[in-house]
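# Report on the structure
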Amino acid sequence: MSLLALLAALAASPEPATPPAKALAPTEIVAAAPAADWMAIAPSELLVMDLAPDAAPDAAGRPRRVVIQLLPAPISQGWVGNIRKLATAHWWDGTSINRAQDNYVVQWGDPDGEDKGKAKALPEGLALVPQTEYTISGDKGLPRFFAPQSRDSYSPLVGFVGGFPVGMNPPVMHLSGGDWWPVHCYASVGVGRNEPPDTGTGAELYAVIGHAPRQLDRNIAVVGRVIEGMEHLSTLPRGTGDLGFYKTAPERTPIRSIRNGTDVPDLPAFEYLGTESASFTRYADARANRRDAFYIQPAGGVDICNVPVPIRRRK
């Protein structure tokens, strides 16, 4: 072949194929998210619970702090307002964690709350919140839809509001009618109550420590989520009484204090990955379809509670 013919053949040959981009794991997508995609959590949105120091032999004296982010308006605001009043009154100081039911919840409040003769008096001015507040009308703001890759057995559609997962009815999609509500995922915090129509004051709270009990959605108020210190709740010894309640006082974990975030001077700043951001869209897709090296078969969908909103201390 002549030199001219060889050069012509080389010029006509296709460019080498560009190797496909490496599929990122969800954690890698989060790590690469730009600062603009992270949303600050104001101290006023936080509740800080300090438990008695750890008494385990291998961790004796270790502080145990649990930080809870309360839901933003318009969700569950009657209960959230009560919780802030209870914290301001230092009402929880000296109460305890009274229940740890395996694969379900850890619950805290006044251990004598069911005994009218011994129950701790509540602060004045707590709201009586109606059952209608378990859901929010569609005209009070629309969730960001997480469809079509979401799969849900408890609501027609799911989405996010202010970084929190919610369920919703289809009419919301048409901008008229419908309603939406916060859902129970791992680390969600809710309000204990008695039989309906009681809805609870917020004095008795629980955190989900097991598989998401979504049957509670729209039946009990969700008021927030644990964003730091979840290990201090999920690893507590399970109660030996009915429903995981502790039978004796020594089994309970004392609560030293619960304060509003604005009243805790040493509280670090926190932020969450904005659920409206491009980074979160990529992260949610990766949670639904794992393509990184460990995985063989993408699932093609994901439960809303398996898309936990990334939260970190602010850099």
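The preceding data block contains the structure.
Residues numbered from 1 in each chain as written. Predicted model: local features only at pLDDT ≥ 70, side-chain atom pairs only at ≥ 80, totals over all residues. Heavy atoms only, no water.

Turning our eyes to something else, we now look at the overall build of the chain. Across its full length, the chain carries five helices and 16 strands. Relative to its full complement of 315 residues, the chain shows a buried share of 46%. In the chain, the share of contacts with a sequence separation of at least 24, taken over all contacts with a separation of at least 6, comes to 71%. In the form shown here, the chain has an accessible surface area of approximately 16,100 Å², with 57% of it arising from carbon and sulfur atoms. (Helix = DSSP H or I, 4+ residues; strand = E, 2+ residues; numbered from the N terminus. Buried < 20%, exposed > 50% of the residue type's maximum accessible area, 1.4 Å probe, protein only. Contact = heavy atoms within 4.5 Å. Areas by Shrake-Rupley, 256 points an atom, 1.4 Å probe, with all protein chains shown as cover.)

Strands sit in the order 2-3-13-11-12-5-4-14 around a closed barrel of eight strands; the barrel is antiparallel. On average, adjacent strands in this sheet sit at an angle of 35° to one another, irrespective of strand direction. Sheet topology places strand 2 (residues 46-51) next to strand 14 (residues 253-260); five bridges connect them, and they run antiparallel. Looking at strand 14, one finds that valine 48 is bridged to arginine 259. (Pairing = 2+ DSSP bridges. Axes fitted to C-alpha atoms, helices over the stretch in contact; angles between N-to-C directions.)

Turning our attention to the packing of aromatic side chains. Per the stated rule, a full pass over the model turns up five aromatic pairs. Ring geometry for tryptophan 79 and tyrosine 134: centres 5.4 Å apart, planes at 5°, overall stacked. Residue tryptophan 79 is located in helix 3 (residues 77-88), and its partner tyrosine 134 is located in the loop between strand 5 (105-109) and strand 6 (136-137); the two are separated by 55 residues in the primary sequence. The pair tryptophan 79 / tyrosine 134 is uniform in exposure class, with both members buried. An aromatic cluster is built from Phe160, Phe280 and Tyr283, whose rings are joined through pairwise contacts. A cation over an aromatic ring shows up here: arginine 218 above the ring of tryptophan 181, its NZ or CZ 3.9 Å from the ring centre. Its guanidinium or amino end placed over the ring of tryptophan 38, arginine 312 lies 3.7 Å from that ring's centre, counting from NZ or CZ. (Phe/Tyr/Trp six-rings, centres within 6.5 Å; stacked < 30°, edge-to-face > 60°. Lys NZ or Arg CZ within 6 Å of the ring centre and 35° of its normal.)

In this section: empty space enclosed by the protein. Inspection of every chain in the model, using the stated rule, returns one cavity of 30 Å³ or more. Lining the largest cavity are Ser76, Trp79, Glu133, Tyr134, Pro182, Arg218, Ile220, Ala221 and Val222. (1 Å grid on protein atoms, 1.4 Å probe; cavity = no way out; pocket = protein on both sides within 12 Å on 5 of 7 lines; lining within 4 Å. Points joined across faces, edges and corners; volume = space filled by probe spheres on them.)

Quick look at the nonpolar core now. Membership of the largest hydrophobic core comes to 36 residues, with the highest contact counts inside it found for Trp92, Ile97, Trp108, Val226 and Leu233. In terms of nonpolar packing, the next biggest core, distinct from the first, is built from 30 residues, Val183, Phe280, Tyr283 and Ala288 among them. (Core = buried A, V, L, I, M, F, W, Y, C linked by side-chain atoms within 4.5 Å.)

With respect to the element layout, asparagine 260 can be found in strand 14. Residues asparagine 260 and isoleucine 68 lie 192 residues apart in sequence; the distance between their C-alpha atoms is 9.7 Å. Every residue in contact with asparagine 260, bar those within four places of it in the chain, is listed here: Leu46, Leu47, Arg84, Ala87 and Thr88. Within the structure, asparagine 260 has its side chain in polar contact with the backbone oxygen of arginine 84 (distance 3.2 Å). (Polar contact = N/O pair within 3.5 Å; in protein donor to acceptor, adjacent residues only side chain to side chain.)

What follows deals with the pairing of strand 5. With respect to burial, strand 5 is a largely interior element, five of its five residues being buried. Of the two faces of strand 5, both are covered, the one formed by Val105, Gln107 and Gly109 as well as the one formed by Val106 and Trp108. With four bridges joining them, strand 4 (residues 96-100) and strand 5 adopt antiparallel strand pairing. By the bridge assignment, arginine 99 is partnered in strand 5 with glutamine 107. Between the antiparallel neighbours strand 4 and strand 5 lie four residues, among them asparagine 103 with a positive phi of about 60°.

Distances and angles like these do not, on their own, reveal function.
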